[in-house]
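Fold and contact review
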Amino acid sequence: MPFKLKVGKKGYIILPKALREAYGIKEGDYVIVEARSDGILIKPARSIDFSEIERIIEDHFIEISKLDTLSPKVG
C-alpha cells in the first residue's frame, strides 16, 4: 500500500500516523533507510507482525473515509 509523502525543509518527511501506530514507531526511534535501484525503502529497526499492521492501517482508512476532508490540519 503506497503512500505519497511531501518532502519538507531540510529533507524531512512525516510518516502518517497510521503507519507510525501500525509499526510502533515513536519519536526518537530509529528506522532503516535503504537505497535501492528502484527507490528508497524505509523500515523500522525491529521486527513487526504484518497482519497486525494491515488491520491497523485498514481501521485508519475507515476512519479517514468518514471525515469531510482528507487534508491534514496544521498543529
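In the block above lies the structure referred to throughout.
Read on for a plain summary of the structure. (Residues numbered from 1 in each chain as written. Predicted model: local features only at pLDDT ≥ 70, side-chain atom pairs only at ≥ 80, totals over all residues. Heavy atoms only, no water.)

1. Quick notes on the overall build of the protein chain
Here is the rule: Secondary structure elements are taken from DSSP: a helix is a run of H or I of four residues or more, a strand is a run of E of two residues or more, and numbering for both begins at the N terminus. A simple rule labels every residue: compare its accessible area, found with a 1.4 Å probe on the protein chains alone, to the largest value its type can have, and call it buried under 20%, exposed over 50%, or partly exposed in between. Contacts are assigned to residue pairs that have any heavy atoms within 4.5 Å of one another. Working definition of accessibility: Shrake-Rupley area with a 1.4 Å probe, residue cover restricted to the visible protein chains.
When helices and strands are tallied, the protein chain shows two helices and two strands. Sorting the 75 residues of the protein chain into buried and exposed places 12% on the buried side. Pairs at least 24 residues apart make up 30% of the contacts formed inside the protein chain by residues separated by at least 6 positions. Of the roughly 6900 Å² that the protein chain leaves accessible, carbon and sulfur atoms contribute 57%.

2. Considerations on the pairing of strand S2 (residues 39-44)
As a reminder, the rule being used: In short, DSSP must find at least two bridges between two strands for them to pair.
Looking at chain direction, strand S1 (residues 31-36) and S2 are connected through six bridges and run antiparallel. Following the sheet pairing, Glu34 is matched in S2 by Leu41. In sequence, S1 turns back onto S2 through a hairpin of two residues.

3. Notes on the packing of aromatic side chains
For the record, the criterion: Aromatic pairing here means that ring centres of Phe, Tyr or Trp (its six-membered ring) are within 6.5 Å. Orientation follows from the plane angle: under 30 degrees is stacked, over 60 is edge-to-face, and everything else is tilted.
Under the definition given, this model contains one aromatic pair. For the pair Phe3 and Phe61, a centre-to-centre distance of 6.0 Å together with 25° between the ring planes defines the contact as stacked. Of this pair, Phe3 sits in the segment before helix H1 (17-23) while Phe61 sits in helix H2 (residues 50-65), and the two are 58 residues apart along the sequence. Residue classification places Phe3 among the partly exposed positions, given a relative accessible area of 31%.

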